[in-house]
Amino acid sequence: MGTSRRQFLGLTAAAVGTAAVGITTQANATCRATGTLYLGTYTSESGGGTGIGLASYDTVTGQITSTGALAGVQDPSFLILSANGRNLYAVNEQSTGGVTAVAVDSPGNLRVLNRQPNGGSAPCHLALVANGKYLLSANYSSGDIAVHPVKTDGSLAARTDLVKHVGSAPHAHQVVQDPTGNYVLAVDLGTDTVYTYTIANGKLSLKSQAKVKTGAGPRHLAFHPNGRYAYVANELNSTINVLQYDGATGKVTTGAAQTTVPAGSPTNYPGEVIVSPDGRFVYLSNRGHNSIAVFAVESGGATLRRIGTPTCGGDWPRHVTLDPTGKLMFVSNQRSNNVATLQVDTATGLLTKKSSFTAPIPVCVLPG
């Protein structure tokens, strides 16, 4: 993979283990409902899995159970679902990058539609934009954004654009549609920049760009529900920035930054950042400190106040997500081979570990 993300932080990676077939709703001994999880992973590592892992979880206890694997999808390290839930898309994080389209015939019942090369290297993030008309992928190693039209059956057409970020070492780490649906934002760790694009006829056009502190290494951002603010996790200096956002123009203005761990903590690399559905709390995974930073959102989204750094339930929390209720958090602990389920106190924002699920080096968890 050359200068891959795995080598960049001295990581090893392996695939999520295989399991059997997922189920979304069923009755267990206590008549509780279950939900479906799709597990992202690396398949090219020694001892890795065979593709996209599947699991179910108890919606009350958060306990996860292996339920299958869709074999043959290569290095699916990041996953997203279409708005109607009928299609799933995976990056193929390899030196010659690609993206794979999957049909969801029923929750947990998957079928590969097709794979397209995306023209870049080490794709690590995806977004569906323009009402699901296009799939965008961010290529970490080559520092560019690829565009693929989505066909009516959910499969992918050939790439229509590839936009490279300018800089000495661009590393595109995330691409996301803004809340208005009119703009696409791309976060680049190597250029310390958040780029704003429009998309039309399968082509991206740069509208503006905003810099964070040189060397901060922005990785992922998440919008507040009000759309006026976003929060970006900076991987290389262990900070989080508040960003002001103008939905009319797509302009990003960089605001205050603060550290994501207490003083005296070990070397730390923030990973994922997410916002609670009600906009009252921001959560960020701390790789190294092995915690989830919890921030109270204040001043209508304009400021953050760190209120805790509870355990992530493992080692090296790469990815975090919330279940549809916002009451359960799933943490992909890459180095300890487990997905931890944390209970979210929606009143205080604080977290309590509920259970742990063994999986060989999980790197993404997607509720279905």
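Just above sits the structure.
In this convention, every chain numbers its residues from 1, walking through the sequence in written order. Given that this is a predicted model, residues contribute local features only at a pLDDT of at least 70 and side-chain atom pairs are listed and counted only at 80 or more, while totals for whole chains, interfaces and linings are drawn from all residues. Only hydrogens and water are set aside when side-chain values are computed; all heavy atoms of the structure are taken into account.

### Examining the side chain of S82
Move 1: By the criteria applied, helices consist of DSSP H or I runs no shorter than four residues and strands consist of E runs no shorter than two, each listed in order from the N terminus. Counting through the fold element by element, S82 comes out in the loop between β4 (79-81) and β5 (87-92).
Move 2: Contacts between residues were defined by any pair of non-hydrogen atoms, one from each residue, lying within 4.5 Å. Residues contacting S82, with those up to four places away along its chain left out, are N87, Y89 and L128.

### Quick word on empty space enclosed by the protein
Move 1: Cavity: a set of points on a 1 Å grid over the protein atoms alone where a 1.4 Å probe fits but cannot get out. Pocket: an open set with protein on both sides within 12 Å along at least five of seven lines, its lining residues, like those of a cavity, having an atom within 4 Å of a point. Grid points are joined across faces, edges and corners, and a volume is the space filled by probe spheres set on the points. Inspection of the entire model under this criterion finds two cavities of 30 Å³ or more.
Move 2: What the second largest cavity holds in volume is close to 70 Å³.
Move 3: Lining the second largest cavity are 10 residues, with F78, C124, H220, R318 and V363 sitting closest to its centre.
Move 4: Its residues assigned to classes, the lining of the second largest cavity comprises three nonpolar, three polar and four charged. All amino acids are sorted into three groups, where Ala, Val, Leu, Ile, Met, Phe, Trp, Tyr, Cys and Pro are nonpolar, Asp, Glu, Lys and Arg are charged, and the leftover types, Gly among them, are polar.

### Side note on the pairing of β5
Move 1: Residue exposure (1.4 Å probe, protein chains only): buried if accessible area is under 20% of the type maximum, exposed if over 50%, otherwise partly exposed. Across the six residues of β5, six count as buried, placing the element largely inside the fold.
Move 2: Of the two faces of β5, both are covered, the one formed by N87, Y89 and V91 as well as the one formed by L88, A90 and N92.
Move 3: Being paired, for any two strands, means DSSP has found at least two bridges between them. As defined by bridge partners, β4 adjoins β5 across three bridges and the pair is classed as antiparallel. Along β5, the bridge assignment pairs L81 with L88.
Move 4: Turn length for the β4-β5 hairpin, with the two strands adjacent in sequence and antiparallel, is five residues, and the turn residue G85 shows positive phi of about 75°.

### Thoughts on the sheet that holds strand β15 (residues 203-211)
Move 1: Taken in spatial order, the four strands make up an open sheet running β12-β13-β14-β15, and their pairing is antiparallel. Edge positions in the sheet fall to β12 (172-177) and β15, since each has one partner strand and no second. On average, each strand axis in the sheet is tilted by 25° relative to the strand beside it, whichever way the strands run.
Move 2: Relative to β15, strand β14 (residues 193-200) is paired through eight bridges, and the arrangement is antiparallel. By the bridge assignment, A200 is partnered in β15 with K203. Axes, fitted as lines to C-alpha atoms, cover a helix only where it is in contact. Angles between the N-to-C directions of the axes lie from 0 to 180 degrees.

### Side note on the nonpolar core
Move 1: By nonpolar core we mean a set of buried residues, namely Ala, Val, Leu, Ile, Met, Phe, Trp, Tyr and Cys, connected to one another through side-chain atoms within 4.5 Å. By size, the foremost hydrophobic cluster in this structure holds 24 residues, and its most contacted members are Y38, I52, Y89 and L135.
Move 2: For this core, the secondary structure elements donating two or more residues are β2 (51-58), β4, β5, β6 (98-106), β8 (123-129) and β28 (364-367).
Move 3: The residues contacting Y89, other than those within four sequence positions of it, are F78, L79, I80, S82, T100, A101, L126, L128, L135, V150, G154 and L156.

### Observations regarding the pairing of strand β17 (residues 229-234)
Move 1: Taken across its six residues, β17 has six buried, putting it largely inside the fold.
Move 2: Inspection of the sheet shows strand β16 (residues 218-223) paired to β17 by five bridges, in the antiparallel sense. When the sheet's bridge partners are listed, L221 is paired in β17 with V232.
Move 3: The hairpin formed by β16 and β17 contains five residues between the paired strands, and G227 there has a positive phi angle of roughly 75°.
Move 4: By the bridge criterion, six bridges tie β17 to strand β18 (residues 239-246) in an arrangement that is antiparallel. When the bridges of β18 are listed, N234 appears paired with T239.
Move 5: Hairpin connection of β17 to β18: four residues between the antiparallel strands, including S238 at a positive phi of 55°.

### With respect to the pattern of salt bridges
Move 1: Each reported salt bridge corresponds to a side-chain nitrogen of Lys or Arg within 4 Å of a carboxyl oxygen of Asp or Glu. With the rule as written, the count across this model stands at four salt bridges.
Move 2: A salt bridge links E235 to R219; the nearest nitrogen and oxygen atoms lie 2.9 Å apart. Taken together, the residues E235 in the loop between β17 and β18 and R219 in strand β16 connect sequence positions 16 residues apart. For the pair formed by E235 and R219, the shared burial category is buried.
Move 3: Residue E298 is joined to R305 by a salt bridge in which the shortest nitrogen-to-oxygen separation is 2.7 Å.
Move 4: The partly exposed category is assigned to E298, whose relative accessible area is 29%.

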